[in-house]
Amino acid sequence: MDYSKDEYLRIMELAADFEANPNQTLLDGKVVASLFFEPSTRTRLSFETAINRLGGRIIGFSDSNSSSVTKGETLHDTIRMVSNYADLIVMRHPLEGSARYAAEISGVPVINAGDGANQHPTQTLLDMYSIIKTQKTLDNLNIFMVGDLKYGRTVHSLLMAVSQFNNPIFNFIAPEELQMPEEYKIYLREKKIRYFEHREFSDIISAADIVYMTRVQKERFSDPIEYEKVKNVYILTNSMLANTKPNMRILHPLPRVNEIHPDVDQNEKAYYFDQARNGVFTREAIIAHTLNLK
Amino acid sequence: MKDPIKKKLKLKVSAISEGTVIDHIPSENLFKVISILKLDKTKNMITFGANLDSEKMGAKAIIKISNKFFEDDDINKIALIAPNAKLNIIRDYEVVEKKVVKVPDEVIGIVKCFNPKCITNNEPVTTSFRVISKLPLALKCLYCEKITHENQIVIKKSSE
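Notes on the overall build of chain A
Thought 1: A tally of helices and strands in chain A yields nine helices and nine strands.
Thought 2: Its C-alpha atoms give chain A a radius of gyration of 20 Å, within 12% of the compact-globule value 19 Å for 294 residues.
Thought 3: Across its three principal axes, chain A shows a C-alpha extent of roughly 55 × 45 × 40 Å.

Given below as structure tokens:
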């Protein structure tokens, strides 16, 4: 995904339009292939809801066990075949770069619903939509990213996207083993974007406009003792939100495990379930934009 | 050629009247160079020598191809494995032009992506990289977007 600032804003505008009026029959008579080579319930249901709300029909599979991959078919052949049937392909695949490759060989547009650890652009766009909706702007924001900043592709893509806008500040809160990779910090320094790194939560959270939480997964640690040391350090509780800004909102790509205490859910600053709802409108916008329907 | 030792070395591989001499190839990469330039498929007369003494490199290889003149884009493909290679363009037994190889801005095929989870290592896809640094070499995969660094570079076999 290499969207320009204007394209981001165009998608945001379309998403707002679909939120106001979700059922628009733009895909009437069209067939969309939903190819999930690995399971991802949330992303698939969100896409399929978007397609249904646009009046399209869906073909596809929800994991590779129910496709011809089990017979040894290559991605190349699957895409060549499906692109003869459908008007659009939505694809989730465990291999990195698979979406770009599929787009090269497909006769119809391909939307990347996640290609391994590489990209998950529709998640980034729904995160951006959630930010602009709650903050009314994508400029001058102080964004806190918390948890697994090393392997979390959502935080990397969001960082790149928000960096297109004016004057952001980033605060990274992560254990030593899972800190933001150097390549992203170099990128920020080159763009003269301010960022600060922290090892744990503190009062600095009172400066945040957005707190973006992620899961700290046990399997990411080479040393299990290191995991035990940090596993309870990155948990957000309601009492920590007392001195935060009124406009501050908490985002999380979900699913969460224990990193956001359930007592936060009732706080008006908890935005993660609304964020998931925004996914449908954003995906309607992406489909309409991709097929030039709007 | 005033140095008699160098002159003797030259004569180990017979001279050509028209064509290209590629000198200063690392010996261990001779056959990769032949493969990348598709010299194994050509009908031109080719002579080569490997493990020749070189003051600069220890052991070097040399290839002489008769009646063949390369485009820069083609010859630059070998820069990844023979960065110090020098080309002598021969007309009527005389060197009429000397060229050095340059690392190109894009590398198509030739190199494997180091990321085992990249689609190019799992399906028959031609690799494609943007060169983000020439010294030391760093290649960014067009597909998985991961960076293959100089010490990770593996040249694809011609069958891959």
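Here's the deal with helix α6 (residues 153–162) of chain A
Residues and elements named next belong to chain A.
Thought 1: Burial runs high along α6: seven of the 10 residues are buried.
Thought 2: Taken as a whole, α6 has its buried residues at Val155, His156, Ser157, Leu158, Leu159, Ala161 and Val162.
Thought 3: In this structure, the buried residues of α6 make contact with α1 (5–20), α5 (121–135), β5 (142–146), β6 (169–173), α7 (182–190) and β8 (210–213).

Remarks on the interface of chain A and chain B
Thought 1: The interface of chain A with chain B comprises 11 residues on the first partner and 13 residues on the second.
Thought 2: When residues of the side of chain A that touches chain B are traced back to their parent elements, those giving at least two are α3 (75–85) and α4 (98–105) of chain A.
Thought 3: With three residues, α4(A) is the single largest residue contributor to the side of chain A that touches chain B.
Thought 4: Here the side of chain A that touches chain B is composed, by residue class, of three nonpolar, six polar and two charged.

Details of the environment of B:Ser27
All names here are of chain B.
Thought 1: Note on placement: serine 27 falls in the loop between β1 (18–26) and α2 (30–36).
Thought 2: Taking the C-beta count within 10 Å as the criterion, serine 27 has 17 such neighbours and is therefore assigned partly exposed.
Thought 3: As for serine 27 and methionine 57, which are separated by 30 residues in sequence, their C-alpha atoms are 9.2 Å apart.
Thought 4: Sequence-distant contacts of serine 27, defined by excluding residues within four places in its chain, comprise Ala50, Asn51, Ala59, Lys60 and Ala61.

Regarding the domain arrangement of chain A
Residues and elements named next belong to chain A.
Thought 1: When the domains of chain A are assigned, the result is domain 1 (5–119 + 279–290) and domain 2 (122–276).
Thought 2: Relative placement of domain 1 and domain 2: their C-alpha centres are 27 Å apart.
Thought 3: Facing the 15 residues of domain 1 at the interface are 14 residues of domain 2.
Thought 4: At the level of elements, α1, β4 (110–115) and α9 (272–290) are the ones that each hand at least two residues to the side of domain 1 that touches domain 2.
Thought 5: Looking at side-chain class alone, the side of domain 1 that touches domain 2 contains eight nonpolar, four polar and three charged residues.

Quick look at the domain arrangement of chain B
All names here are of chain B.
Thought 1: Domain annotation for chain B reports domain 1 (4–100) and domain 2 (106–155).
Thought 2: If you average the C-alpha positions of domain 1 and of domain 2, the two centres end up 26 Å apart.
Thought 3: With five residues of domain 1 at the contact, the number on the domain 2 side is six residues.

Thresholds, definitions, all that
- Residues numbered from 1 in each chain as written.
- Chains lettered and ligands numbered in written order.
- Predicted model: local features only at pLDDT ≥ 70, side-chain atom pairs only at ≥ 80, totals over all residues.
- Helix = DSSP H or I, 4+ residues; strand = E, 2+ residues; numbered from the N terminus.
- Rg over C-alpha atoms; globule rule 2.2 N^0.38 Å.
- Buried ≥ 20, exposed ≤ 12 C-beta atoms within 10 Å, placed from the backbone.
- Contact = placed C-beta atoms within 7 Å.
- Nonpolar A, V, L, I, M, F, W, Y, C, P; charged D, E, K, R; others polar.
- Domains from an automatic or database assignment.

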